[in-house]
Amino acid sequence: MVKADAYGHGLALCAGALAASGASWMGVTCVEEGIALRRVCPGARIVILSGIWKGEADGLVENGLTPVVWERDPLQWLEMAAQRSGAGPGQVPVHLEIDTGMSRQGVAPERLDSLLNRFGLESPLRVEAVMTHFHSPDNEAATRQQEAALARALDIVAAAGLRPEILSAGSSAAALLADADGVDALASRMGMKRMLRTGIGLYGYSPCAETAAGLEPVLSWKTRVVALREVEAGTRVGYDATFTAHRKSQLALLPVGYADGLNRLLSNRGSVLVRGRRAPIAGRVSMDQTVVDVTDIPGVECGDEVVLIGKQGEETITAADLAQQCGTISYEILCDLGPRVPRILVDEPAGC
Ligand SMILES: *Cc1c(COP(=O)(O)O)cnc(C)c1O
């Protein structure tokens, strides 16, 4: 899964590295992302996980992208685009999403019949995969229920004479939790290959708090001290003057703010690493700048490296730590990294 600019890590860098590591399939959310990915990975199979608009069907077919489908209208746009491209029967693969309980996308098993009749022998579209998404992959009872709905749907698909090769279900949670789901058994009963759509785990984070074992975040986020100032006790700092220095203090200015993804909820709450020590954020995080208190860190100089996410000395800050301070999940912290932050590949560059 390399949607949302590879979870904020940079699409081109990550897709290249993943392809070089053997990933033959990649997932993105929309056609724009798919076209950008196609430029980086000309040979990859690319699934578009969210729905498409009417005007996107031709671009999708031209770029060899594989849509997730569950409604009649998009199927009709895709059929017409496939025909315009000269595709013969069954030459354009699609992944059919079943709504097994998440109520976000997908067709309910009870309504499948009316969709399946669109995949007649002359249709240029072919159901290559049946997919679904689990809403609570760490909750066994909920997942078992969704699997039962998936099993019903697969029987209906088979009864309609369709033979999809792939069963696409499960995300990082299924890859990380032993016995996370029964999809493997379902796939082998139906003679299908199983596809796991692994996202956050690829980037070294766990989808849920309990399963962090063995994962190491791949991304560090760094900046530098651009200016220092000494202030007297009683000095106020930043918008709304929410921080008051209670002693003579040394403040460091960082050229990073919420426009870059440093969440404003970290104001007076978060910290950064300077010279291997924690420096608390003093006052509000502004759009482009943040002030940190380095009074207790001797020897700080302009140009010193500052770690926002990552390791320095013995100290570590992870996206999961920031997420906890902001009341969100690591996914959102990572996806928030703004376009102004350059993504730099530190390890071996890799190509597709
Ligand atoms: C984002 C997404 C995934 C990946 O989920 P992770 O928890 O990041 O592994 C899988 N499937 C779908 C449909 C998604 O939208």
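This text gives an overview of the structure that appears in the document. These numbers were taken from a predicted model, which means no experiment stands behind them.

1. Remarks on the nonpolar core
Right, on to step 1. Core analysis: the biggest nonpolar cluster contains 91 residues, and Val2, Leu37, Leu96, Val130, Leu167 and Trp221 have the highest contact counts within it.
Right, on to step 2. Those residues in contact with Trp221, other than ones at most four positions away along the chain, are Val256, Asp260, Gly261, Leu262, Val306, Val307, Leu308, Ile309, Leu337 and Val341.
Right, on to step 3. Core analysis: the second largest hydrophobic core is formed by seven residues, Val237, Phe243, Leu251 and Ala282 among them.

2. Some remarks on the layout of surface pockets
Right, on to step 1. One number sums up the size of the largest pocket: a volume of about 1000 Å³.
Right, on to step 2. Looking at the lining of the largest pocket, the elements that each hand over two or more residues are helix H2 (11–20) and strand S8 (221–224).
Right, on to step 3. Approximately 610 Å³ is the volume found for the second largest pocket.
Right, on to step 4. Forming the walls of the second largest pocket are 28 residues, and the residues nearest its centre are Lys3, Arg104, His133, Ser171 and Tyr331.
Right, on to step 5. Contributing elements (two or more residues each) for the lining of the second largest pocket: helix H1 (3–7), helix H8 (172–176) and helix H11 (330–335).
Right, on to step 6. Tallying contributions element by element places H1 first for the lining of the second largest pocket, with three residues.
Right, on to step 7. For the lining of the second largest pocket, the residue count by class is 15 nonpolar, eight polar and five charged.

3. Looking at the pairing of strand S4 (residues 92–97)
Right, on to step 1. Within S4, six of the six residues are buried, leaving the element largely enclosed by the surrounding structure.
Right, on to step 2. Residues Val92, Val94 and Leu96 of S4 are buried on one face, and the alternating residues Pro93, His95 and Glu97, pointing to the opposite face, are buried as well.
Right, on to step 3. Bridge count for strand S3 (residues 65–69) against S4 is two bridges, and the pairing is parallel. The residue of S4 that forms the bridge with Val68 is His95.
Right, on to step 4. Crossover connection from S3 via helix H5 (residues 72–84) to parallel S4: handedness right-handed.
Right, on to step 5. When S4 meets strand S5 (residues 125–132), the two strands line up parallel, connected through six bridges. Paired with Pro93 across the bridge in S5 is Arg126.

4. Overview of the sheet that holds S4
Right, on to step 1. Taken in spatial order, the seven strands of this open sheet run S1-S2-S3-S4-S5-S6-S7, and their pairing is parallel. Strands with a single pairing partner mark the edges of an open sheet, and in this sheet they are strand S1 (25–28) and strand S7 (193–195). Between one strand axis and the next, the sheet turns by 30° as a mean value, whatever way the strands run.
Right, on to step 2. Of the strands in this sheet, S3, S4 and S5 are in contact with H5, which crosses S5 at around 145°.
Right, on to step 3. Relative to S5, helix H7 (residues 140–159) is tilted by about 165°, and along the sheet it contacts S4, S5 and strand S6 (166–169).

5. A closer look at the sheet that holds strand S12 (residues 249–254)
Right, on to step 1. Strand order in the open sheet made by the three strands is S9-S12-S15, with antiparallel pairing throughout. Bordering the open sheet on either side are strand S9 (227–231) and strand S15 (290–293), each of which pairs with just one other strand. Going across the sheet, the axis of each strand differs from the next one's by a mean of 30°, ignoring polarity.
Right, on to step 2. Where S9 and S12 come together, five bridges link them in antiparallel fashion. Residue pairing in the sheet places Leu228 in a bridge with Ala252 of S12.

6. With respect to the environment of Tyr239
Right, on to step 1. Its location among the elements puts Tyr239 in the loop between strand S10 (236–237) and strand S11 (243–244).
Right, on to step 2. Not counting chain neighbours up to four residues away, the residues in contact with Tyr239 comprise Arg284 and Ser286.

7. Section: the side chain of Gln105
Right, on to step 1. For Gln105, the location among the structural elements is in the loop between S4 and helix H6 (112–116).
Right, on to step 2. For Gln105, a relative accessible area of 14% gives the class buried.
Right, on to step 3. Within the structure, the side chain of Gln105 is placed 3.0 Å from the backbone oxygen of Leu49, a separation counted as a polar contact.
Right, on to step 4. Those residues within four positions of Gln105 in sequence are excluded, and the remaining contacts are Leu49, Ser50, Gly51, Val68, Trp70, Glu97 and Asp99.

8. Details of the site of the ligand
Right, on to step 1. In the vicinity of the ligand lie 13 residues, with Lys3, Tyr7, Ser172, Ile200 and Tyr331 positioned nearest.
Right, on to step 2. A distance of 2.9 Å is found between a nitrogen atom of the ligand and a side-chain nitrogen or oxygen belonging to Arg197.
Right, on to step 3. A distance of 2.8 Å separates an oxygen atom of the ligand from a polar atom in the backbone of Ile200.
Right, on to step 4. Because more than half of its atoms lie within 2 Å of the grid, the ligand is assigned to the second largest pocket.
Right, on to step 5. Taken together, the residues that form the shell around the ligand break down as five nonpolar, five polar and three charged.

9. A few points about the packing of aromatic side chains
Right, on to step 1. Taken as a whole, this structure holds two aromatic pairs when the rule is applied.
Right, on to step 2. Arranged with centres 4.9 Å apart and planes meeting at 25°, the rings of Tyr7 and Tyr203 form a pair that is stacked. Of the two residues, Tyr7 sits in helix H1 while Tyr203 sits in the loop between S7 and S8, which places them 196 residues apart along the sequence. We note that Tyr7, like Tyr203, is buried.

10. Regarding the pattern of salt bridges
Right, on to step 1. Following the criterion strictly, the structure yields 17 salt bridges and no others.
Right, on to step 2. The shortest N-O distance in the salt bridge between Glu230 and Lys248 comes to 3.9 Å. Separated by 18 residues along the polypeptide, Glu230 in strand S9 and Lys248 in the loop between S11 and S12 bring together distant segments of the chain.
Right, on to step 3. Judged by relative accessible area, which is 57%, Glu230 ranks as exposed.
Right, on to step 4. The exposure class assigned to Lys248 is partly exposed, which follows from its relative accessible area of 49%.
Right, on to step 5. Within this structure, Glu140, Arg144 and Glu147 form a network of salt bridges that share partners.

Conventions used here
Residues numbered from 1 in each chain as written. Predicted model: local features only at pLDDT ≥ 70, side-chain atom pairs only at ≥ 80, totals over all residues. Heavy atoms only, no water. Core = buried A, V, L, I, M, F, W, Y, C linked by side-chain atoms within 4.5 Å. Buried < 20%, exposed > 50% of the residue type's maximum accessible area, 1.4 Å probe, protein only. Contact = heavy atoms within 4.5 Å. 1 Å grid on protein atoms, 1.4 Å probe; cavity = no way out; pocket = protein on both sides within 12 Å on 5 of 7 lines; lining within 4 Å. Points joined across faces, edges and corners; volume = space filled by probe spheres on them. Helix = DSSP H or I, 4+ residues; strand = E, 2+ residues; numbered from the N terminus. Nonpolar A, V, L, I, M, F, W, Y, C, P; charged D, E, K, R; others polar. Pairing = 2+ DSSP bridges. Right-handed = clockwise from strand over helix to strand, strands pointing away. Axes fitted to C-alpha atoms, helices over the stretch in contact; angles between N-to-C directions. Polar contact = N/O pair within 3.5 Å; in protein donor to acceptor, adjacent residues only side chain to side chain. Near = heavy atom within 4 Å. Sits in = over half its atoms within 2 Å of the grid points. Phe/Tyr/Trp six-rings, centres within 6.5 Å; stacked < 30°, edge-to-face > 60°. Salt bridge = Lys/Arg side-chain N within 4 Å of Asp/Glu carboxyl O.

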